[in-house]
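# Secondary and tertiary structure notes
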Amino acid sequence: MPETFSARLGTIIILAVCCLAIGFGSNKERTGGAIYLPACGLVLVTQQFFPAGLSYTLIILDVICLIAFIMLSWKSAHPWPVWACFCQAIIVTLHIAYANPPAPANPAASQWAYYTVRAASGYGVLTALLIGTLSAIRIKIAIKRQNSHI
């Protein structure tokens, strides 16, 4: 389990958004939550074994998530999977850039930037998933209202 307050808050946000998507979203949102929730759990486990820096397990998990989001957005009428792909592609590109860095002037600043962009892009994926879930909930409510008036 994460030790800092912000890490715990991030874990709670991930759990809340993914569980909301799985519980109340349409098939696309359920699949997106089912993709992202176990991946984030595996990332937390991986970070316990490799606490600092880049690990190849993390790269593999993020590439698998990217492929899954690409498959999810293929011929999708919903726009949120494309945004999730975009944010996930930033994360994968960031891993590649961090794995082959030029000699930075300040390695601590480089590592801080890596973690900041990775976290911000992860929240971008969650935001896209949340928007898709809220849209699916709104559509379900509108359909129920329409059917109740008939």
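In case you missed it, the structure is sitting above this.
None of these values were measured; they are calculated from a predicted model.

### Brief notes about the packing of aromatic side chains
Evaluated as defined, the whole model comprises 3 aromatic pairs. Taken together, a centroid distance of 6.1 Å and an interplanar angle of 85° make the contact between Trp-83 and Phe-86 edge-to-face. Separated by 3 residues within a single helix, Trp-83 and Phe-86 lie in helix H4 (residues 80-99), roughly one turn from each other. Trp-83 sits in the exposed class, given a relative accessible area of 55%.

### Some thoughts on the packing of helix H3 (residues 56-73) against H4
With their axes 9 Å apart at the nearest point, H3 and H4 run at an angle of 155° to one another. Classified by the angle their axes make, H3 and H4 are roughly antiparallel. For the pair H3 and H4, the crossing hand works out as left-handed. Facing H3, whose interface residues are Leu-58, Ile-59, Asp-62, Val-63, Cys-65, Leu-66, Phe-69, Ile-70, Leu-72 and Ser-73, H4 presents Trp-80, Pro-81, Val-82, Ala-84, Cys-85, Gln-88, Ala-89, Ile-91, Val-92 and His-95.

### Concerning the side chain of Ser-73
Among the structural elements, Ser-73 can be located in helix H3. By relative accessible area, Ser-73 is classed as buried at 18%. Polar contacts involving the side chain of Ser-73 include one to the main-chain carbonyl oxygen of Ile-70, which spans 3.0 Å. Setting aside its immediate chain neighbours within four residues, Ser-73 contacts Pro-81, Val-82 and Cys-85.

The rules we used
- Residues numbered from 1 in each chain as written.
- Predicted model: local features only at pLDDT ≥ 70, side-chain atom pairs only at ≥ 80, totals over all residues.
- Heavy atoms only, no water.
- Phe/Tyr/Trp six-rings, centres within 6.5 Å; stacked < 30°, edge-to-face > 60°.
- Helix = DSSP H or I, 4+ residues; strand = E, 2+ residues; numbered from the N terminus.
- Buried < 20%, exposed > 50% of the residue type's maximum accessible area, 1.4 Å probe, protein only.
- Axes fitted to C-alpha atoms, helices over the stretch in contact; angles between N-to-C directions.
- Parallel < 35°, antiparallel > 145°, perpendicular 65-115°, else oblique.
- Left-handed = near helix turned anticlockwise from the far one by under 90°.
- Contact = heavy atoms within 4.5 Å.
- Polar contact = N/O pair within 3.5 Å; in protein donor to acceptor, adjacent residues only side chain to side chain.

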